[in-house]
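Here is how the chains run, residue by residue.
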Amino acid sequence: MPRYAMVIDQRRCVACMACVVACKRENDVPAEYYRTRVVETVEGTFPKLRMELRSELCNHCDNPPCVYNCPTAASHKRKDGTVQVDRKKCVGCKACVAACPYDARYMHPEKGYADKCTFCTHRLLEGKEPACVATCIGKSRIFGDLDDPQSDVSKLLRQHDASVLLVEAGTHPRVYYIKKLSKAE
Amino acid sequence: METTVTGANLLTFPHLHIWDWRVVLYLFLGGLTAGLLVMSAIANLRKGKMDEKDRACCIKVPLLAPFILMVGMFFIWLDIERKLNVFWFYLTFQPLSPMSWGGWGLGAAIPLSLLYGLSVVPPELNDILRFDILKKLAARLNPYMRKLAVINFGMGIFIGIYTGVLLSAFVARPLWNSSILPILFLNSALSTGAALVILMARRTSVKLFFTKVDIWLIFAEIVLILLFFYGHYTSTAPQRNSIMPFFSFTSEYFLYGVSTLLIAILFPLALVFELIEGKEEHGEELSPSVVLRMKMSAYMVLVGGFILRFAFVYAGQLSKLTSVS
């Protein structure tokens, strides 16, 4: 069984928002709702400015507070490491939305269930990459199996000092971020 | 620093806003039920210290408790997005989910408190029950009143704590994520319960007994509120930031500033009023001014309990682990 993870190489992101559009199109995400987002942060005073571009999505945490807080087990952790929502079991209590430190969830406006990034499970079953990864023109989003030492994600994580978001939350995210050029010697 | 987010969901950006007045009412009425169950159990279990007539004041209280709980549960049901799916709560038990505990716990509390409510009705007063079947059931349950009172005492404590754990389990919301919160909500639940018993009781001795109980509860509540804010202020930056709305009167946080002000006035004032009642010598009949003070202090406790939950439910949704995204 694979252990899926995503690496986001922030050095390669150009904030084209293709991932946001591809995700909405692939997963039929309702208007004004999103499963992934791009955060642009500008620091400093002109002309000494610094910009950070960061894609954010569900972190498919190894220690997922959304799963622990779900009263009906609709939110669950699968053996492949992804966190999924069983729509028929979801009562729409919104506990998972409150529990997520990454604010990665929303409530489907018409159907009332909690929704979020699934790592495009339906595409994985067909042997394809998630839509946001396939469409990323800068190859900023890399997806793969952590248990396969030859996968791109494993190689990148070996070569770089990758970080995760909100490490203090103790959620052990499966989405890693690369900011620096390479591992310190 | 300037931040632009493309793809933000309105439900969570710029801050969470998923729960509203319906959840506030649910928590308040759930807490009130918890307080009523505990206080009526205390009244009915005080062997020898209260005579039958005194105990009679606590007949209506346990009868009222399950109905208040049902109204509270109706409000949480209104908040649920998929109302017809609530049966899923009862097809599984998730030990790490406070809401799962709540679903099962409240589901059990309603029949247990109904049975308790019937058991406290003595045969000579069962005219307050409208149907014969209820009168027969009350007569059959009456010998088990003490056992049911003990069970409902425990159930009241469980519900009071649950209303706080429901919020404190969210690591993502620094304001709620505190182990003091369940104790604060339990204390507030007991205090509001005692206040309602003071309002409902007819006999002077019962009013005075629960006034004395409420003095300790209000005192403990003030200490817990201060400890809660102190704990957050001396904690990490997200926790310190999370209490700031309570100390601000800017347009954005005005309601929270007013809430703090009201709590800071209502609880100490109620405490002072009750201390005066506790110290004064009273005859069999209370003077109108004493009754007025008692009622005022009880109403202040009830309003303060509601404001506390209102402020915590809304302000907790403003708080997050990071100030960016």
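Above: the structure in question.
These remarks concern the structure in this document.

Thresholds applied
Residues numbered from 1 in each chain as written. Chains lettered and ligands numbered in written order. Predicted model: local features only at pLDDT ≥ 70, side-chain atom pairs only at ≥ 80, totals over all residues. Contact = placed C-beta atoms within 7 Å. Helix = DSSP H or I, 4+ residues; strand = E, 2+ residues; numbered from the N terminus. Nonpolar A, V, L, I, M, F, W, Y, C, P; charged D, E, K, R; others polar. Pairing = 2+ DSSP bridges. Axes fitted to C-alpha atoms, helices over the stretch in contact; angles between N-to-C directions.

**So, the interface of chain A and chain B**
Consideration 1: Contact residues are listed per partner, giving 40 residues for chain A and 39 residues for chain B.
Consideration 2: For the side of chain A that touches chain B, the secondary-structure elements that each account for two or more residues are strand S2 (37-45), helix H2 (65-69), helix H3 (95-99) and strand S6 (106-107) of chain A.
Consideration 3: Looking at the side of chain A that touches chain B element by element, the count peaks at seven residues for S2(A).
Consideration 4: Tallied by class, residues from the side of chain A that touches chain B come to 26 nonpolar, six polar and eight charged.

**Here's the deal with the sheet that holds strand S10 (residues 175-178) of chain A**
Residue and element names in this part refer to chain A.
Consideration 1: The sheet built from four strands is open, its strands ordered S8-S1-S10-S9 with mixed pairing. The outermost strands of the open sheet, each flanked by one partner alone, are strand S8 (141-145) and strand S9 (162-163).
Consideration 2: The pairing of S9 with S10 spans two bridges and is antiparallel. If you follow alanine 162 over to S10, its bridge partner there is isoleucine 178.
Consideration 3: Strands strand S1 (4-9), S8, S9 and S10 of the sheet are contacted by helix H6 (residues 152-159), whose axis makes an angle of about 110° with S8.

**Overview of unusual backbone geometry**
Consideration 1: The residue after A:Phe46, namely A:Pro47, is reached through a cis peptide bond having omega 5°.
Consideration 2: Following the sequence through the fold, A:Pro47 ends up in the loop between S2 and strand S3 (48-56).
Consideration 3: Cis rather than trans, the peptide bond between B:Phe13 and B:Pro14 has omega equal to 0°.
Consideration 4: Inspection of the secondary structure assignment puts B:Pro14 in the loop between strand S1 (2-6) and helix H1 (21-45).
Consideration 5: With phi around 55°, A:Ala15 is a residue other than glycine that occupies positive phi space.
Consideration 6: Checked against the element boundaries, A:Ala15 lands in the loop between S1 and helix H1 (18-27).

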